[in-house]
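Descriptive structure summary
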Amino acid sequence: MAPYQARLASARRMARHTPIRVSDFEARAKTRYTADTLDKLVRRHPKCRFIWLMGDDNLAQFHLWRDWRKIARQVPIAVVARPGYSDDAHASVAMGWLRRAVRPAGQAKNWTCWRLPALVLLRFRPDPTSATRLRAADPAWHRHFMNASRIPISGASVPSPQPRTGSLNP
């Protein structure tokens, strides 16, 4: 895995000109696992509602994450289709456990009212670009962000009490 600062700088670059706000919350909270990060995030922002966003590739191995069932009981999960991963994701241990919690995609805008665990499968024409393939083509990709990673991380930005999506490390 690339250094944290390079991944953060890359995410910030990708989020430019979008409504997505990339946060360094994990670093400031000093957490390593998603379950721990979510615990602190939810406690720090009790009026905010969060949704976990992951790709089919992560759902396929979600059962290997620390406290994955706790994560599913803490926030709704939206799974984005990823070319070549759907079969493994739908046959995964985690999906077997979560299958009863699947909500229709047409109800996704009501996710703040869902009883947990809750999972929605998002199907739309995905970007065919494979991050895995891009990293394989340029194994030192993160070095392009090393200058940006030397820029001090700004202080905490407090989210407004609105729905948010995010991506953290397992």
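Residues numbered from 1 in each chain as written. Predicted model: local features only at pLDDT ≥ 70, side-chain atom pairs only at ≥ 80, totals over all residues. Heavy atoms only, no water.

Structural notes on the overall build of the protein chain
A count of helical and extended segments in the protein chain gives nine helices and five strands. Element order for the protein chain, N to C, with α for helix and β for strand: α-α-α-β-α-α-β-α-α-β-β-α-α-β. By residue count, 36% of the 170 residues in the protein chain fall in the buried class. Considering only contacts in the protein chain between residues 6 or more positions apart, those separated by 24 or more positions represent 71%. (Helix = DSSP H or I, 4+ residues; strand = E, 2+ residues; numbered from the N terminus. Buried < 20%, exposed > 50% of the residue type's maximum accessible area, 1.4 Å probe, protein only. Contact = heavy atoms within 4.5 Å.)

What to know about helix α1 (residues 4-15)
For α1, with twelve residues, the first-to-last C-alpha span of 16 Å sits near the 16 Å given by 1.5 Å per residue. Of the positions making up α1, those classed as buried are Ala6, Leu8, Ala9, Ser10 and Ala15. (Expected span 1.5 Å × (residues − 1).)

Some words on the nonpolar core
In this structure, Leu59, Phe62, Ile77 and Leu98 are the most contacted members of the largest nonpolar core, which totals 27 residues. Contributing elements (two or more residues each) for this core: α2 (25-29), α3 (34-44), β1 (50-55), α4 (56-60), α5 (68-74), β2 (77-80), α7 (93-98) and β4 (119-122). Considering every element that reaches this core, the biggest residue donor is α7, with four residues. Sequence-distant contacts of Leu98, that is, excluding residues within four places in its chain, are made with Leu59, Phe62, Ala72, Pro117 and Leu119. (Core = buried A, V, L, I, M, F, W, Y, C linked by side-chain atoms within 4.5 Å.)

What to know about the pairing of β4
Of the two faces of β4, the one lined by Leu119 and Leu121 and the one lined by Val120 and Leu122 are each fully buried. Of the strand pairs in this sheet, strand β3 (residues 102-103) and β4 are connected by two bridges, and their pairing is parallel. Each residue of the ladder has a partner; that of Arg103, found in β4, is Val120. (Pairing = 2+ DSSP bridges.)

Re a positive patch on the surface
Taken together, the side chains of Lys30, Lys40, Arg43 and Arg44 define a basic patch exposed on the protein surface. Relative to the helices and strands, Lys30 is located in the loop between α2 and α3. Its relative accessible area of 73% is what places Lys30 among the exposed residues. (Patch = residues over 30% accessible without salt bridge, like charges linked within 9 Å, V, L, I, M, F, W, Y side chains within 5 Å. Areas by Shrake-Rupley, 256 points an atom, 1.4 Å probe, with all protein chains shown as cover. Salt bridge = Lys/Arg side-chain N within 4 Å of Asp/Glu carboxyl O. Lys, Arg positive; Asp, Glu negative; His and termini not counted. Charge placed at Lys NZ, Arg CZ, Asp CG, Glu CD.)

Points about the packing of aromatic side chains
Evaluation of the coordinates by the stated rule reveals four aromatic pairs. The interplanar angle of 65 degrees and the centroid separation of 5.8 Å between the aromatic rings of Phe62 and Trp68 together place this pair among those described as edge-to-face. On the accessibility criterion, Phe62 (0% relative accessible area) is buried. Their ring planes at 80 degrees and their centres at 5.4 Å tell us that Trp68 and Trp97 sit as a pair that is edge-to-face. One end of the pair, Trp68, is in helix α5; the other, Trp97, is in helix α7, with 29 residues separating them in the sequence. Grouped by ring-pair contacts, the aromatic residues Trp52, Phe62, Trp65, Trp68 and Trp97 constitute a single cluster. Directly above the aromatic system of Trp97 lies the positively charged group of Arg100, at a separation of 5.2 Å from the ring centroid. (Phe/Tyr/Trp six-rings, centres within 6.5 Å; stacked < 30°, edge-to-face > 60°. Lys NZ or Arg CZ within 6 Å of the ring centre and 35° of its normal.)

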